[in-house]
Structures are given as structure tokens and as C-alpha cells.
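# Chain and residue survey
Each chain, written out:
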Amino acid sequence: MSWADASISVFGLPVKWTDLLGNVFAVATVLFAMRKSIWTWPVQFTGAVLLFIASVSAHVTGNALKQVLFGALAVYGWWKWRQGTQGGQELAVRPARAGERIGLVAAMIAGTAVVAGVFYAAWAWFQLPLSWGVHAPAPESYFLVAADAYIFVGGAVATWAQGRALVDFWIVWMAVDLVGVPLLFRSGLYVSGAVYGVFFVLVLIGFAKWLREYRTSLHPVAVAT
């Protein structure tokens, strides 16, 4: 057994230490994001590296690729937040404009369709299981691959919106978590599935906190009164 395959028992279930530690960093990422801390991004990058190792070890190739994307987006987010906090100013958050919201929804719909097609093509042409759902019989495989693609794209869209300090990124994560929890449990990544459930609660709190801070910035005197 390699170090990447090493696991511990949690409630009688085998859990890879990379999956466990990676998800600790993932939870820490959400907590730092609530506080709008620049540490959000280095912590997310570290978590992405650990979850990449866990996913490769579990042969969940699609999830491994998602972690590569998250690592790259962590670099982007760090750069954007550094720009937004120059001179010691606090990061300004805001809701997405109507056009931006349409773009986020369109990106999720079109992106899910494209990525699901890529998952199927990779399996049909190269026997590359980018989504574990390709092994399931039809029509179940259609749902599983689409759900996998939806999580992949939704996570990327949410992280991109987070980098731009859009309050709406929390809403995108809510939508991702609703699908991610059952899918991760089914793939055997029990810690990731449980953490996605915790994420949903934290995301609700984070959304309320960012929205309140945005409204406070618009009417500071009224809110203080």
C-alpha cells in the first residue's frame, strides 16, 4: 500500500488520510471566505492538492481534474483579492448584476452539457473514466455523468464568482451541494460527502453574512442606528 492509499477507520468506514485532511482544508477555506481573508486561497490550493491525490488514488479521475481546476482558480482568486485589498482597504463584495447572473446560469447549463459530452467521449474513444458514472448501465449512467459534470462546472463557476467577490457565489455552491452530497457518498468518498453536507450549512451562513455586509456598506448610518 502506498502512502496515498493509506486510510484510517471513521465510524467503521475506511477513509483515506488525504481525503480527510483535504476536506479539513476545504472547510477551512469556507470559514476564511466568510471573513473575506486572503488566506482563503492558499488554503484552498493546499486542499485541492490533497483532494487531487485522494481522487487519483480512488480512481475518480473527473474529481481529480476538478481539483486541478480549483487549484488554478485559487491562484486567480488570490490575485483578484490582492487587487481588491490594495492599500489595506477591505474587500468590497456585491451581488452580481443581471447580465452577470445570466452568464453564471448559462455557463452552468452549457458547461454541464459540454463537460458531460467530454466525459462520454473520453470513455468511448480512449477508455478514460473521467466520470465513474460511465460504468453504470443506461439510463442511470446518463444521470450520473450529468451530475458529475454539473458538480465540476458548478464548482468552477462558484469559485470564479468568489474570486470576483460576488455574493452570488454562495448560491451557486448551494446548488452544487444539493447534488454533490449523494454523488460523493455513492463514489465511496464518504468524508467528502459528509463535508459537502456541512458545506451546505456553512454556505447558508456565509451567504447571509456577505449579503448583510453588502447592505451595511450601502446604508452604514441606517444600519448602525
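Analysis parameters
Residues numbered from 1 in each chain as written. Predicted model: local features only at pLDDT ≥ 70, side-chain atom pairs only at ≥ 80, totals over all residues. Heavy atoms only, no water. Salt bridge = Lys/Arg side-chain N within 4 Å of Asp/Glu carboxyl O. Helix = DSSP H or I, 4+ residues; strand = E, 2+ residues; numbered from the N terminus. Buried < 20%, exposed > 50% of the residue type's maximum accessible area, 1.4 Å probe, protein only. pLDDT = per-residue confidence, 0-100. Expected span 1.5 Å × (residues − 1). Phe/Tyr/Trp six-rings, centres within 6.5 Å; stacked < 30°, edge-to-face > 60°.

Our focus in this paragraph is the pattern of salt bridges. Side-chain pairs of opposite charge can arise where the charged atoms are in close proximity. All told, the structure shown has 6 salt bridges when counted by the stated rule. Measuring nitrogen to oxygen at the nearest pair gives 2.8 Å for the salt bridge that ties Glu90 to Lys36. One end of the pair, Glu90, is in the loop between helix H3 (61-84) and helix H4 (98-126); the other, Lys36, is in the loop between helix H1 (17-34) and helix H2 (40-57), with 54 residues separating them in the sequence. Given the relative accessible area of 60%, Glu90 is considered exposed. The closest approach of N and O atoms between Glu213 and Lys209, which form a salt bridge, is 2.6 Å. Here Glu213 and its partner Lys209 are both found in helix H7 (residues 190-218), 4 residues apart, which amounts to about one turn of the helix. A relative accessible area of 23% means that Glu213 is categorised as partly exposed. It is possible to trace a salt-bridge network through shared partners that takes in Lys36, Glu90, Lys209 and Glu213.

The next subject is the confidence of the model for the protein. Looking at the protein as a whole, the pLDDT averages 86, with 89% of positions reaching at least 70. Predicted confidence in the protein is weakest over helix H8 (residues 220-224), with a mean pLDDT of 50, and strongest over H4, with 94.

This part takes up H3. Relative to the 34 Å expected for 24 residues at 1.5 Å per residue, H3 spans 35 Å between its end C-alpha atoms, a close match to the ideal helical length. Within the sequence span of H3, burial applies to Gly62, Asn63, Ala64, Lys66, Gln67, Phe70, Gly71, Leu73, Ala74, Gly77 and Trp81.

Evaluation of the coordinates by the stated rule reveals 9 aromatic pairs. Relative to Phe152, the ring of Phe119 has its centre 6.3 Å away and its plane inclined at 90°; by these criteria the two rings are edge-to-face. Placement of the pair is Phe119 in helix H4 and Phe152 in helix H5 (residues 140-163), with a sequence separation of 33 residues. Summarising the burial analysis for this pair, Phe119 and Phe152 share the class buried. When the centroid spacing of 5.2 Å and the interplanar angle of 65° are considered together, the rings of Phe169 and Trp210 count as edge-to-face. Residue Phe169 is located in helix H6 (residues 169-187), and its partner Trp210 is located in helix H7; the two are separated by 41 residues in the primary sequence. This pair shows no difference in class: Phe169 is buried, exactly as Trp210 is.

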